[in-house]
Amino acid sequence: MAGWPTWPQWDERELDGLRRVLESGNWGGYSETLGEFERAFAARHGAAHCVSAMNGTVSLVAAFAACEIGPGDEVIVPAYTFFATASAVRLAGATPVFVDIDPDTYNLDVAAAAAAIGERTRAIVPVHFAGLPVDLDLLLPLAAKHDLVVIEDAAHAHGSSWRGRPVGTLGDIGSFSFQANKNMTAGEGGALLTNDDALAERLWSYVNQGRDSDGSWYEHPHLGSNLRLTGWQAAVLQVQLERLDPQLERRMAAARYLREELAQFAGLRPLAWDERADNHAHHLFVLRYDADGLDGLSRDDFRRELEARGIPSSAGYGMPLYRQQSLKPPLGRATPCPAAERACKEAIWLSHNLLLADEAQLAAIPEAVADILTDRRRLALRAESPREAGSPRQASSPRQGGVAA
Ligand SMILES: *Cc1c(COP(=O)(O)O)cnc(C)c1O
């Protein structure tokens, strides 16, 4: 079988862009290419402003700084997300408050977030997990009622939209990552979107050594750092952005196909796809694994069997974030998170690059699952009828030697 589509993808256009930056002699964070990319990324999302940054972690830190969130403040984050969502809160000097996820979407459980709001709560950071927008119809009114800032962590959600509105523009600030595994990448990189002129200026200043955008080079009225993207990255990202929509369509078509084909297996339940999410980036295609529906095979053994049949997967985050040494109480505040605990044990992630394959190749996934079940049942039958044990068929089972370590 041919290999899965690889990631990252690039062609002559990235090379041309890189050459253009090289020849311009303007390689750094004040390269014209940066402004071009920022305008294009903002336009794609219908945002008034885009401020690029080195990565999707410092972009979150910049967002907290721009909103003057720091020591003494609490920020609500989901317990099941990448480390950076919560580490950025601590790096800004504030305290993360971990709340549970919705077991059907793995997105922030808005009722749990409501219950966690206290005197010191200043912001909520929803993560559009795997590319599915969080329920913004519930989240935005909640934030408005309690006067909380909403910073969307859209690191998984390039091009996702909620009722026709691109994510990253629905809260106060949206933060994106262009790290190597993300759906748009320059190896590393980040971007912030906002419709608020004053926030955009503060974000820009924080990323640009505390300067004012209309001030002079050696004047630094604010505290800030150098968190700029380079011209090289912006040149690559311009082309990655051109590829975003065609790839988004392909991933969504692949996800629809897989949802249909995998429905026959009781032990594999894809995360829900809310209809209000008219675009779903599918940074990950996530299955909730139930061993009872797969003849008692453990999740990790099932993943090994998939791997042996050429289907790579990941078990995802190994623990809710409040169990990380750097985030556990009292460094962060934990609330009960049974769904996040469960997600760490049941999730199987397929990476977005698999979803760029055509249907003929995607068919290998349901076929592999069916094959694993057939093998299991054959083994179970043999165990029940000792006469068959040791038959040549068993001795030459093609799968035994192929299981990856
Ligand atoms: C990748 C990621 C980030 C940011 O990561 P960087 O590697 O710093 O760009 C933030 N949040 C989530 C959920 C992510 O997956």
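Provided above is the structure to which this section pertains.
Everything in this summary refers to the structure shown in the same document. (Residues numbered from 1 in each chain as written. Predicted model: local features only at pLDDT ≥ 70, side-chain atom pairs only at ≥ 80, totals over all residues. Heavy atoms only, no water.)

## Focus on the packing of aromatic side chains
How two aromatic rings sit relative to each other is given by the distance of their centres and the angle of their planes.
Okay, so step 1: Taken as a whole and judged by the stated rule, the model has 16 aromatic pairs.
Okay, so step 2: Judged by centre distance (4.9 Å) and plane angle (70°), the rings of Tyr80 and Tyr317 are edge-to-face. Here Tyr80 is found in the loop between β2 (74-78) and α4 (83-91), whereas its partner Tyr317 is found in the loop between α9 (299-308) and β12 (333-334), with 237 residues between them in sequence.
Okay, so step 3: The class for Tyr80 is buried, based on a relative accessible area of 1%.
Okay, so step 4: Members of the aromatic cluster, joined through ring pairs, are Tyr80, Tyr106, Phe129, Tyr317 and Trp349.
Okay, so step 5: Over the aromatic face of Trp217 sits the side chain of Arg211, whose NZ or CZ is 3.6 Å from the ring centroid. (Phe/Tyr/Trp six-rings, centres within 6.5 Å; stacked < 30°, edge-to-face > 60°. Helix = DSSP H or I, 4+ residues; strand = E, 2+ residues; numbered from the N terminus. Buried < 20%, exposed > 50% of the residue type's maximum accessible area, 1.4 Å probe, protein only. Lys NZ or Arg CZ within 6 Å of the ring centre and 35° of its normal.)

## What to know about helix α7 (residues 197-207)
Okay, so step 1: Residues Leu199, Ala200, Leu203, Ser205 and Val207 constitute the buried set of α7.
Okay, so step 2: Close packing links the buried residues of α7 with β1 (49-53), α3 (58-66), β8 (173-177) and β9 (190-194).
Okay, so step 3: Capping the start of α7, Asp196 holds a side-chain oxygen 2.9 Å from the backbone nitrogen of Ala198, two or three residues further along.
Okay, so step 4: Positioned one or two residues after α7, Gln209 has a phi angle of 60°, which is positive. (Contact = heavy atoms within 4.5 Å. Polar contact = N/O pair within 3.5 Å; in protein donor to acceptor, adjacent residues only side chain to side chain.)

## Points about the site of the ligand
Okay, so step 1: What surrounds the ligand is a group of 15 residues, the closest being Gly56, Thr57, Asp153, Ser177 and Lys182.
Okay, so step 2: Taking Gly56, its main chain carries an N or O atom lying 2.8 Å from an oxygen atom of the ligand.
Okay, so step 3: Separating an oxygen atom of the ligand from a side-chain N or O atom of Thr57 is a distance of 2.5 Å.
Okay, so step 4: Considering the ligand on its own, with 380 Å² of exposed area, one finds that the protein chains cover 92% of that surface.
Okay, so step 5: Within the shell around the ligand, the residues separate by chemical class into 4 nonpolar, 9 polar and 2 charged. (Near = heavy atom within 4 Å. Areas by Shrake-Rupley, 256 points an atom, 1.4 Å probe, with all protein chains shown as cover. Nonpolar A, V, L, I, M, F, W, Y, C, P; charged D, E, K, R; others polar.)

## Some details on the environment of Gln179
Okay, so step 1: The topology assignment puts Gln179 in the loop between β8 and β9.
Okay, so step 2: According to the relative accessible area criterion, Gln179 is partly exposed, its value standing at 25%.
Okay, so step 3: Taking the C-alpha atoms as reference, Gln179 lies 31 Å from Pro336; in sequence the two are 157 residues apart.
Okay, so step 4: Setting aside chain neighbours within four positions, we find Gln179 in contact with Met184, Thr185, Gly187, Glu188 and Gly189.

## Observations regarding unusual backbone geometry
Okay, so step 1: Note the cis peptide between Trp7 and Pro8, where omega equals 0°.
Okay, so step 2: Its place among the elements puts Pro8 in the segment before α1 (12-24).
Okay, so step 3: In the segment running from Pro329 into Pro330, the intervening peptide bond is cis, with an omega of 5°.
Okay, so step 4: Within the fold, Pro330 resides in the loop between α9 and β12.
Okay, so step 5: The phi dihedral of Asp147 is positive, around 55°, even though this residue is not glycine.
Okay, so step 6: Looking at the element boundaries, Asp147 is found in the loop between α6 (136-145) and β5 (149-153).

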